[in-house]
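Reading the structure
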Amino acid sequence: MKKVLMIISVVIIVAIIVTGAYLNRNETCEEKFFAFNTLISVKVTGNDAKNAVDALGKEATRLDKLLNAHSSQSEVSMINTAAADGYLDISEEVYLLIKRCIQYSQNTEGAFDITVKPLVDLWDIGGKNHIPDESELNKALKAVSYENIDLSQKNKVHFTHPDTRIDLGAVAKGYAADRMKEILSGFDIDYALIDLGGNIYAYGEREYRVGIQHPDKERGEHFKVISAKNASVVTSGAYERGFERDGVYYHHILSPFDGKCADSGIKSVTVVGEVSEMCDAYSTAVYVKGKSLADKLQENNPGVSFVIMEDDGTQYETK
Ligand code: AMP
Ligand code: MG
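We now turn to the structure provided with this report. Every chain's residues receive numbers from 1 upward, in the order its sequence appears when written. Labels are handed out in written order, letters beginning with A for the chains and numbers beginning with 1 for the ligands. Reporting of local features is limited, given that this is a predicted model, to residues whose pLDDT is at least 70; pairs of side-chain atoms are given and counted only at 80 or more, and all residues count toward the totals for whole chains, interfaces and linings. Side-chain calculation: all heavy atoms of the structure are included, whereas hydrogens and water are not.

Moving on to the coordination of the magnesium ion (ligand 2). The expected angle between donors at a tetrahedral four-coordinate metal is 109.5 degrees. At an octahedral six-coordinate metal it is 90 or 180 degrees. The protein atoms that coordinate the magnesium ion (ligand 2) are Ala170 (O), Asp280 (O), Asp280 (OD) and Thr284 (OG1), at distances spanning 2.1 to 2.5 Å. Counting along the primary sequence, the residues that act as donors to the magnesium ion (ligand 2) give the motif A-x109-D-x3-T. One end of the pair, alanine 170, is in the loop between β5 (156-159) and α7 (172-184); the other, aspartate 280, is in helix α8 (residues 276-289), with 110 residues separating them in the sequence. Summary of the burial criterion: residues with accessible area below 20% of their type's maximum are buried, those above 50% are exposed, and those between are partly exposed, where the area comes from a 1.4 Å probe applied to protein chains only. Here aspartate 280 falls in the buried class, since its relative accessible area comes to 7%. Any N, O or S atom lying within 2.8 Å of the metal counts as a donor, with the limit raised to 3.2 Å for Na, K and Ca; because water is left out of the atom set, some sites can appear incomplete. Only DSSP runs of H or I with at least four residues qualify as helices, and only runs of E with at least two residues qualify as strands; both kinds are numbered from the N terminus onward.

Here it is in structure tokens:
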């Protein structure tokens, strides 16, 4: 009799532990990892949060290997080494991404252009911090045009100018956010916040409040807070990376038209929309061209909106 009672007690205890574990599955899991030369942080809540976070980490590493122009092993670096010599076989994923980038160039009247790489190398912002003269700029500019990218053969790329090179820095984090969102949709989770160094994706059934960095103030000081649900919030600003010399500030967003640091009268531009890649491309483009381009892009993409801080501190928002 004693033995039977003991067995029943053990069964009850095990049942309580199993039920408790099941009910407690709804957890929040937070992790940080380094990719795209940025600290990425993800915070996921839901039954399968841990597995989802692990999958996000793997995806960030995979995309870094694919798109990071600074790493000699990446597919983008391989393209930059060989695509000027003839048609080069590339993955379908990168082929389609470059194709969409060309579309963004067309939509932004050339302000967004992944072929700025020769200019990026020339200025070497954060490295040598070189201020090029007009002849250096003109030489580099000859190779800069999205029209020098030939994608006429499926899953192949060819640069039609010998010095053309690409840099996906203005769109890679946006693309990564979209991929991560896709991955989250395969897991049993409720909501998540993905932060790729200021490039945010708010996923799931929760309204997140996302602060927009004030361009002139300490990191973390916001001039506006926006609500985001199943949306991306992407900001471009000169303050993110640059250097000062003789009282002049030089920075990393370059004009494909004259090769100089973009100066269109704005300090920062934030784009809110469903597709992070598009927000990322358009934030860079509007920084280059100014607020009139924001109005045009908003008209053609009603789901996308722009918050701009102008040089004089005025805030401007598209409808
Ligand atoms: P973002 O911070 O998204 O505006 O991207 C800026 C990064 O994209 C720079 O660090 C460059 O690597 C690259 N870039 C600079 N100017 C342009 C441009 N006009 N079009 C596309 N990429 C650019
Ligand atoms: Mg961008």
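And the narrative resumes.
Here, strands pair whenever DSSP counts at least two bridges between them. The strand order across the open sheet built from 3 strands is β3-β5-β4, with neighbouring strands paired in antiparallel fashion. The two strands at the open ends of the sheet, each matched to only one other strand, are β3 (88-89) and β4 (149-150). As paired strands, β3 and β5 are joined by 2 bridges and run antiparallel to one another. Across the sheet, leucine 88 pairs through a bridge with valine 157, a residue of β5.

Relative to the helices and strands, lysine 267 resides in strand β13 (residues 266-273). Spatially, the C-alpha atom of lysine 267 lies 5.9 Å from that of glycine 237, the residues being 30 residues apart in sequence. Two residues qualify as a contact provided that any one of their heavy atoms is within 4.5 Å of a heavy atom in the partner residue. Not counting residues within four places of it along the chain, the set of residues in contact with lysine 267 comprises Pro215, Asp216, Ser236, Gly237, Ala238, Tyr239, Tyr287, Met309, Glu310 and Asp311. In protein, a polar contact requires one atom able to donate a hydrogen and another able to accept it; more generally it is a pair of N or O atoms within 3.5 Å, and residues adjacent in sequence count only if both atoms are side-chain atoms. Of note is the side chain of lysine 267, whose polar atom sits 2.6 Å from the side chain of aspartate 216.

The next thing to look at is the site of ligand 1. In the neighbourhood of ligand 1, 18 residues make up the surrounding shell, with Asp167, Ser236, Arg241, Leu254 and Thr284 lying closest. Backbone polar atom of alanine 170 to an oxygen atom of ligand 1: 3.2 Å apart, as the coordinates give it. In this structure, aspartate 280 approaches ligand 1 through a side-chain N or O atom, which is 3.0 Å from an oxygen atom. Surface exposure here means Shrake-Rupley accessible area, sampled with a 1.4 Å probe, where a residue is shielded only by the protein chains that are shown. A total of 500 Å² of accessible area belongs to ligand 1 in isolation, and the protein chains cover 93% of it. In terms of residues, the shell around ligand 1 owes the most to one element, α8, which gives 3 residues. Each residue is assigned to one of three groups, with Ala, Val, Leu, Ile, Met, Phe, Trp, Tyr, Cys and Pro labelled nonpolar, Asp, Glu, Lys and Arg labelled charged, and all others, Gly among them, labelled polar. In the shell around ligand 1, the residues fall into 9 nonpolar, 4 polar and 5 charged. Throughout, the term near means that a residue has one or more heavy atoms lying within 4 Å of the molecule or strand in question.

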